[in-house]
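Here is what each chain is made of, one letter per residue.
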Amino acid sequence: MVNEVCLRTLDLERPWLMEQYQSRGGYEVLKQVLTEKRAPEAIIEEVKKSGLRGRGGAGFPTGLKWSFISRNAPGQKYVVCNSDEGEPGTFKDRDILRYNPHQLIEGMILAGYAIGATRGYNYIRGEFWEPYERFEQALQEAREAGFLGDNLLGSGFDFDLHTHLGGGAYICGEETALLESIEGKKGQPRYKPPFPAHFGLYGRPTIINNTESLASIPMILEKGGEWFADIGVKNSGGSKLFSISGNINNPGVFEIPMGTPFSELLEMAGGMKDGRKIKAVIPGGSSAPVIPGEQMMDLNMDYDSIAGAGSMLGSGAVIVLDDTNCMVKTLERMSYFYHEESCGQCTPCREGTGWLYRVVHRIESGQGRQEDLDLLDDVADKISGKTICALGDAAALPVQGMLRHYRDEFQYHIDHQRCMVGAG
Amino acid sequence: MTVTVKDKTELFSPQICAEIDRWIAKYPAEWKQSAVMGALMIVQDENGGWLTTELMDRVADYLDMPPIAVYEVATFYSMYELKPVGKHKICVCTNVSCMTNKSDLIVEHLEKKLGISFGEVTEDGRFSMKEVECLGACGGAPMMQIGKQYYENLTPEIVDAILEGLE
């Protein structure tokens, strides 16, 4: 089963149009919920049953997150969608926004109904101009059809939705940095607690979910939580969009059941380019520790299987590297990224990411010192768990993963001032 | 320094004011500041792709913000430019998926063709180059963005054709 949930309109011509979405049953479940006045608690229960976990990377159960909101608390509440897709290797939400924006809109309205929020924002990264225009066009269509605005379809429920455009900052994918950004500030993460469910956007109760999570909601409510859960495997309900890139023949986005063997995903992606040997896989965006290719061939694409190999499923961004890649150079580029994107708020991350990059850079440049590998271990350890948000951990994890599996390659660079891979 | 402005509509052209007002309308009335990112982008586009201090001050006045709060935003996010850029700002991704698909060849080709490196502008002001982090199009690596447009699956030949097609 492929493209059954978020990409269910993908085979249609101009699938982003309202009429196309509706030809696949789009907005039917919203109509049902509103006319039956379905109990919000029942909706949250169904989402819990589905086993849907946050598709942005953290994997937190979506239904549980929703249940943290005090539904009957007076005053404004918000639904916020995180379309600030920026974890290197991830390009799935872009396709939802481009090809099935209405399903995201329907999911956000349903989420609003479930938590008692009447207003939503979709935070789209500023570089995503084409997806932004598609989404705006879909909002317009939805407003005209009476799916957004006051008293939706005569139900008495109001919901309106707007887009906020980012300005180029990876950190804004962190949910509280994203809220700060909507408030017109630098995107620096907030201390938690309080969590957004209690103190979110403009200080009001807020849920923030990833694009793919919210776009999964209409199908979960249409076909039932159990149906969704059964697509996947234990602890990993549903299907998932995997964005696979690197040294492969047919990179792209594939929506497949959780638990699908990696080897099958690689086959769908056309296999290795030029018949090269698979060397390593970064299974869940660049923060996910690397897994050697041979080991990866025996793993499945679900939370537990990947976690069992010491890494994480993350955003479902799979970067496949062949045997021409130098792991030192790969890590150097990743470490540069986290250094560049650290917001500068916490000392261990602001300074530590600089240390990580500079040390890996000197090893790559043939000026590594014998003590450098221990130094990298030490710096990574001193960042982990000591910062307000997860960017610090995200910078430390790839370093730890690379040293765990490819320490000999780093050592070779230090000993010989050059690369052991021909390409280096 | 905040200039006291009697009439905000004097700060920008009617068209720019209307565009900024569209952003303001998306947020609660007491949160005009939320429109700062949209406003900076509009003003930057109008000014050939970069922001002057004077323009940032005007945005501050328009949104009733302290100028420093606007500078904080403009310096934090990578898409705001604080010095002149080319008419066509070429943003090349060099992150892992692009790197392993030879983004370095694209960078070299552009450098040779345009005679500039990252952070520089051609003498005629037509082009500037910028190294960017993952733009979320790794399936089309190597890729670049010029203006609002993504260009994917690049080769030096494709880059040539793209540049020739620009005004």
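Fair warning: this is a prediction, and the values are worked out from it, not measured in the lab.

**Student:** Would you mind going over the overall build of chain A with me for this structure?
**Tutor:** Along chain A, the regular secondary structure elements total 17 helices and 9 strands. Over its C-alpha atoms chain A spans a radius of gyration of 22 Å, differing by no more than 12% from the 22 Å that the globule rule assigns to 424 residues. Looking at the 424 residues of chain A, the share that counts as buried comes to 62%. In chain A, once contacts between residues fewer than 6 apart in sequence are set aside, the share between residues at least 24 apart is 70%. Accessible surface, chain A: about 14,900 Å² in total, of which carbon and sulfur atoms supply 48%.

**Student:** Where do I start with the pairing of strand β2 (residues 127-132) of chain B in this structure?
**Tutor:** The side chains of a regular strand alternate between the sheet's two faces. Residue and element names in this part refer to chain B. Among the 6 residues that make up β2, 5 are buried, leaving the element largely enclosed by the rest of the structure. Summarising the sheet, strand β1 (residues 88-93) and β2 pair through 6 bridges and their orientation is parallel. Bridging across to β2, Val-92 finds its partner in Glu-131.

**Student:** Whenever I open this one, the interface of chain B and chain A confuses me. Can you help?
**Tutor:** One frequently used descriptor of interface size is the decrease in accessible area upon assembly of the parts. Counting residues at the interface gives 36 residues for chain B and 54 residues for chain A. A per-residue breakdown of the area chain B buries against chain A is headed by B:Lys26, B:Phe76 and B:Glu133, which together make up 16% of the total. Across the chain B-chain A interface, the total number found is 3 salt bridges. The shortest N-O distance in the salt bridge between A:Arg333 and B:Glu133 comes to 3.0 Å. Our count for the contact surface shared by chain B and chain A stands at 23 residue pairs in polar contact (both at pLDDT 80 or more). Mapped onto the side of chain B that touches chain A, the elements with two or more residues apiece are α2 (36-46), α4 (67-76), α5 (96-99) and β2 of chain B. Of the residues belonging to the side of chain B that touches chain A, the class tally is 19 nonpolar, 11 polar and 6 charged.

**Student:** Any chance you could explain the sheet that holds strand β6 (residues 252-257) of chain A here in plain terms?
**Tutor:** In a beta sheet, neighbouring strands pair by backbone hydrogen bonds and run either parallel or antiparallel. Residues and elements named next belong to chain A. Spatial ordering of the open sheet is given by β6-β5-β9-β7-β8, a layout of 5 strands whose pairing is mixed. The sheet terminates laterally at β6 and β8 (291-292), the two strands that pair on one side only. One ladder, built from 6 bridges, connects strand β5 (residues 239-246) with β6; its direction is antiparallel. Each bridged residue has a counterpart across the sheet, and for Lys-240 the counterpart in β6 is Ile-256.

**Student:** For this particular structure, what's the right way to read the packing of aromatic side chains?
**Tutor:** To describe a pair of aromatic rings, you give the distance between the ring centres and the angle between the ring planes. Within this structure, the stated rule accounts for 18 aromatic pairs over all chains. Between A:Phe337 and A:Tyr338, the ring centres sit 4.9 Å apart and the planes meet at 80°, which makes this aromatic pair edge-to-face. Positioned over the ring face of B:Trp23 is B:Lys26, at 3.7 Å from the centre of the ring. Geometry around A:Trp129 places B:Lys148 over its ring, the cationic atom sitting 4.3 Å from the centre.

**Student:** Could you clarify how one ought to interpret the UniProt feature "binding site: [2Fe-2S] cluster" (unreviewed entry) in chain B in this entry?
**Tutor:** Under the UniProt annotation, the feature "binding site: [2Fe-2S] cluster" (unreviewed entry) is placed at B:Cys93, B:Cys98, B:Cys134 and B:Cys138. A maximum C-alpha distance of 9.3 Å places the annotated residues, which cover 46 residues in sequence, within one compact spot. Lining residues of the second largest cavity drawn from the annotated list: B:Cys93, B:Cys98, B:Cys134 and B:Cys138. Here B:Cys134 shows up in the loop between β2 and β3 (144-146). Dropping the residues within four chain positions of it, B:Cys134 is found in contact with A:Gly86, A:Glu87, A:Pro88, A:Gly89, A:Arg125, B:Cys93 and B:Asn95. Relative to the helices and strands, B:Cys138 resides in the loop between β2 and β3. Those residues within four positions of B:Cys138 in sequence are excluded, and the remaining contacts are A:Gly89, A:Thr90, A:Phe91, A:Ser245 and B:Ser97.

**Student:** Hey, could you run me through the pattern of salt bridges in this one?
**Tutor:** Once the charged atoms of two side chains with opposite charge are near each other, the side chains can pair. All names here are of chain A. One pass over the full model with this rule turns up 36 salt bridges over all chains. The shortest N-O distance in the salt bridge between Lys-192 and Glu-174 comes to 2.7 Å. Note that Lys-192 is positioned in the loop between α8 (175-182) and β4 (206-210) and Glu-174 in the loop between β3 (160-165) and α8, a separation of 18 residues in sequence. Taking relative accessible area as the criterion, Glu-174 reaches 15% and is therefore assigned buried.

**Student:** I keep staring at α8(A) and nothing clicks. Help me out?
**Tutor:** Turn by turn, an α-helix covers 3.6 residues, leaving residues three or four places apart pointing in a common direction. All names here are of chain A. Burial within α8 is extensive, with 7 of its 8 residues counted as buried. Listing the buried residues of α8 in full gives Thr-176, Ala-177, Leu-178, Leu-179, Glu-180, Ser-181 and Ile-182. Downstream of α8 by a residue or two, Gly-184 has a phi angle that is positive, lying close to 85°.

**Student:** Explain the side chain of B:Thr94 to me, please; I cannot follow it from the model alone.
**Tutor:** Relative to the elements of secondary structure, B:Thr94 occurs in the loop between β1 and α5. Excluding anything up to four places from it in sequence, B:Thr94 contacts A:Arg333, B:Met99, B:Ser103, B:Val107, B:Phe118, B:Glu131 and B:Val132.

**Student:** Help me understand empty space enclosed by the protein, please; the structure alone is not making it clear to me.
**Tutor:** A probe matching the size of a water molecule, rolled over the atoms, marks out where space remains unfilled. Going through the model one piece at a time under the given rule, you end up with 2 cavities of 30 Å³ or more. Of the voids in this model, the largest cavity is the one considered here, and its volume is about 80 Å³. Around the largest cavity, the lining is made up of 13 residues, and of these A:Cys343, A:Cys346, A:Cys349, A:Cys389 and A:Leu391 lie nearest the centre. Classifying every residue of the lining of the largest cavity by side-chain character gives 8 nonpolar, 5 polar and no charged. Roughly 50 Å³ of volume is contained in the second largest cavity. Lining the second largest cavity are 13 residues, and of these B:Cys93, B:Asn95, B:Ser97, B:Cys134 and B:Cys138 sit closest to its centre. Top contributing element to the lining of the second largest cavity by residue count: α5(B), with 3 residues. Looking at side-chain class alone, the lining of the second largest cavity contains 9 nonpolar, 4 polar and no charged residues.

**Student:** Would you mind showing me how to read the layout of surface pockets here?
**Tutor:** Residues and elements named next belong to chain A. The calculated volume of the second largest pocket comes to roughly 1,300 Å³. Along the wall of the second largest pocket there are 49 residues; nearest its centre are Gly-56, Gly-57, Ala-58, Gly-173 and Glu-174. Elements with a minimum of two residues in the lining of the second largest pocket: β4, α13 (303-308) and α17 (391-416). For the lining of the second largest pocket, the leading source of residues is β4, giving 5 residues. Residue composition of the lining of the second largest pocket, grouped by class: 19 nonpolar, 18 polar and 12 charged.

**Student:** It is not clear to me how the pairing of β3(A) should be interpreted in this structure. Could you clarify?
**Tutor:** Among the 6 residues of β3(A), 5 are classified as buried, and the element is accordingly described as predominantly covered. Taking the sense of rotation as the criterion, the β-α-β connection linking strand β2 (residues 119-124) of chain A, helix α7 (residues 129-144) of chain A and β3(A) turns out right-handed.

Rules and cut-offs
Residues numbered from 1 in each chain as written. Chains lettered and ligands numbered in written order. Predicted model: local features only at pLDDT ≥ 70, side-chain atom pairs only at ≥ 80, totals over all residues. Heavy atoms only, no water. Helix = DSSP H or I, 4+ residues; strand = E, 2+ residues; numbered from the N terminus. Rg over C-alpha atoms; globule rule 2.2 N^0.38 Å. Buried < 20%, exposed > 50% of the residue type's maximum accessible area, 1.4 Å probe, protein only. Contact = heavy atoms within 4.5 Å. Areas by Shrake-Rupley, 256 points an atom, 1.4 Å probe, with all protein chains shown as cover. Pairing = 2+ DSSP bridges. Buried area = accessible area lost by both parts, 1.4 Å probe. Salt bridge = Lys/Arg side-chain N within 4 Å of Asp/Glu carboxyl O. Polar contact = N/O pair within 3.5 Å; in protein donor to acceptor, adjacent residues only side chain to side chain. Nonpolar A, V, L, I, M, F, W, Y, C, P; charged D, E, K, R; others polar. Phe/Tyr/Trp six-rings, centres within 6.5 Å; stacked < 30°, edge-to-face > 60°. Lys NZ or Arg CZ within 6 Å of the ring centre and 35° of its normal. UniProt positions renumbered as here; feature names shortened; annotations may be inferred. 1 Å grid on protein atoms, 1.4 Å probe; cavity = no way out; pocket = protein on both sides within 12 Å on 5 of 7 lines; lining within 4 Å. Points joined across faces, edges and corners; volume = space filled by probe spheres on them. Right-handed = clockwise from strand over helix to strand, strands pointing away.

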